[in-house]
Amino acid sequence: MIVAVDGPTASGKGTIAHALAAHFGLPVLDTGLLYRAVGYQTQLDHGDADNAADALAACAFPDALLADPALRYETTGGLASRVSVHPQVRAALLQRQVDFANQPGGAVLDGRDIGTVIAPHADAKLFVTASAEERACRRFAEMQARGVDMTYAVVLADIHARDARDTGRADAPLLRADDAMLLDTTAMDRDAAIAAAIAFVEERVRRPS
Ligand code: DC
C-alpha cells in the first residue's frame, strides 16, 4: 500500500505520515529532507540556491548529510524551498522517491508532490493543511521550546513566503490531487488529526476507489 501525504509547511504532515507508517507497519520517507539536504549542501559549497547549476551540483550530497541536525533549521527550510523550484533538481531527486514509493510492501511518503507526481497511483492520498496563522503559532511554539530567538511576525511572514514559492512554482507545485482527502487540522489537536488520517486510510483500504 502506498500512502501519499502532501501539504504546506508546518501543517503537521510529517507527524501524520510517521503515525500512519507506525500504524500500518510501513517505511516512511520525508521527501522534504532531500530538498533540505540539497539546499544545505548548496550553502556548504558556497553556491547560490537560486542558481539552477549550483543547486543541481548539490544533489550529489553525501547520504550522511540526511542525519545532520542543521537540516531541521528554519533557514535550511527556506533554502530547500528555493532549490526545489529548479526542474533539474526535481528531476535529480525523482527516481529515489519513486523507488521508495514502489518498494515491495509499500510505503508512506510526505512532501508537496507525492500524490500528483511521485505516486499518482497511491492507494490513499491526504492533503494536510491548516491556516497560515495556526501553522505559524505551532512553528513559533516549537522554536520557543528550542530556545530559538524569533518573533511570531517573522515566522508568519516566512510561512507566507514559503507557501507562495511552493504553490507558485511552475514545476510540480504544491497542489491537492483531485482524489486526495483534505485534512484541515486548524482546529484539531495532534491526536485528533492522526485518528482522522488513520480512519481515512483504513476506509480506503477497505473500499478502494
Ligand atoms: O516539508 P519541508 O518543509 O521539509 O520541505 C522543505 C521544502 O522542500 C519545501 O518548502 C518545498 C520543498 N519540497 C518540495 O518541493 N517537494 C517535496 N516533495 C518536498 C519538499
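Residues numbered from 1 in each chain as written. Predicted model: local features only at pLDDT ≥ 70, side-chain atom pairs only at ≥ 80, totals over all residues. Heavy atoms only, no water.

Novice: Now, about the pairing of strand β1 (residues 2–6): what can you tell me, with residues and values included?
Specialist: Judged by how many residues are buried, β1 sits mostly within the fold: five of five residues are covered. Burial along β1 is two-sided: Ile2, Ala4 and Asp6 facing one way and Val3 and Val5 facing the other are all buried. Looking at chain direction, β1 and strand β3 (residues 107–111) are connected through five bridges and run parallel. Each bridged residue has a counterpart across the sheet, and for Ala4 the counterpart in β3 is Leu109. The pairing of β1 with strand β4 (residues 124–129) spans four bridges and is parallel. Of the residues in β4, the one forming a bridge with Ala4 is Lys125. (Buried < 20%, exposed > 50% of the residue type's maximum accessible area, 1.4 Å probe, protein only. Helix = DSSP H or I, 4+ residues; strand = E, 2+ residues; numbered from the N terminus. Pairing = 2+ DSSP bridges.)

Novice: Break down helix α4 (residues 74–83) for me, with residues and values.
Specialist: An α-helical turn contains 3.6 residues, so any two residues separated by three or four positions project in the same direction. Within α4, eight of the ten residues are buried, which leaves it mostly tucked inside the rest of the structure. Within α4 the residues assigned to the buried category are Glu74, Thr76, Gly77, Gly78, Leu79, Ala80, Ser81 and Val83. Next to the buried residues of α4 lie α2 (31–44), α3 (52–57), α5 (87–101), α7 (132–145) and α8 (152–168). (Contact = heavy atoms within 4.5 Å.)

Novice: Talk me through the environment of Thr151; I want residue IDs and the actual numbers.
Specialist: Along the polypeptide, Thr151 turns up in the loop between α7 and α8. When the C-alpha positions of Thr151 and Phe140 are compared, they lie 7.6 Å apart, and in sequence the two are eleven residues distant.

Novice: Describe the pattern of salt bridges, with residues and values.
Specialist: For the structure on display, the rule yields 15 salt bridges. Here Asp48 makes a salt bridge to Arg82, at a shortest N to O gap of 3.7 Å. You can see Asp48 sitting in the loop between α2 and α3 and its partner Arg82 sitting in helix α4, a full 34 residues away along the chain. For Arg96, the salt bridge goes to Asp63, with nearest N and O atoms at 3.2 Å. A residue pair is termed long-range when its members are at least 10 positions apart, and Arg96 in helix α5 and Asp63 in the loop between α3 and α4 qualify at 33 residues. Classification of Asp63 as exposed rests on a relative accessible area of 51%. Here the salt bridges do not stand alone but share partners, grouping Asp48, Asp50 and Arg82 into one network. (Salt bridge = Lys/Arg side-chain N within 4 Å of Asp/Glu carboxyl O.)

Novice: I'd like a rundown of the site of the ligand, residues and numbers included.
Specialist: Around the ligand sit 16 residues in total, of which Arg36, Arg90, Arg112, Arg162 and Asp166 are the nearest. At 3.0 Å from a nitrogen atom of the ligand is found a side-chain nitrogen or oxygen belonging to Thr31. Taking Arg90, its side chain carries an N or O atom lying 2.8 Å from an oxygen atom of the ligand. Notes on the ligand: free accessible area 440 Å², of which the protein chains cover 97%. Where the shell around the ligand is concerned, the elements lending two or more residues are α2, α4 and α8. In terms of residues, the shell around the ligand owes the most to one element, α2, which gives four residues. Partitioned by chemical class, the residues of the shell around the ligand number two nonpolar, six polar and eight charged. (Near = heavy atom within 4 Å. Polar contact = N/O pair within 3.5 Å; in protein donor to acceptor, adjacent residues only side chain to side chain. Areas by Shrake-Rupley, 256 points an atom, 1.4 Å probe, with all protein chains shown as cover. Nonpolar A, V, L, I, M, F, W, Y, C, P; charged D, E, K, R; others polar.)

Novice: Tell me about the packing of α2 against α5, and please be specific about residues and values.
Specialist: Two numbers describe how α2 lies on α5: the axes approach to 11 Å, and their chain directions differ by 140 degrees. Here α5 runs oblique to α2, going by the angle between their axes. Where α2 crosses over α5, the handedness of that crossing is right-handed. Where α2 approaches α5, its residues Thr31, Leu34, Tyr35 and Val38 are matched on the opposing element by Val89, Arg90, Leu93, Arg96 and Gln97. (Axes fitted to C-alpha atoms, helices over the stretch in contact; angles between N-to-C directions. Parallel < 35°, antiparallel > 145°, perpendicular 65-115°, else oblique. Left-handed = near helix turned anticlockwise from the far one by under 90°.)

Novice: Give me the side chain of Arg36: which residues, what numbers.
Specialist: Within the secondary structure, Arg36 is located in helix α2. Summary of buried charges: Arg36 has no salt-bridge partner, and the nearest side chain of opposite charge, Glu74, is 5.6 Å away. Polar side-chain contacts of Arg36 include one of 2.8 Å to the backbone oxygen of Leu71. In this view, Arg36 contacts Leu71, Arg72, Tyr73, Thr76, Gly77, Ala80 and Arg162; residues no more than four positions away in its chain are not counted. (Lys, Arg positive; Asp, Glu negative; His and termini not counted.)

Functional significance is not addressed by these values, which are geometric in nature.
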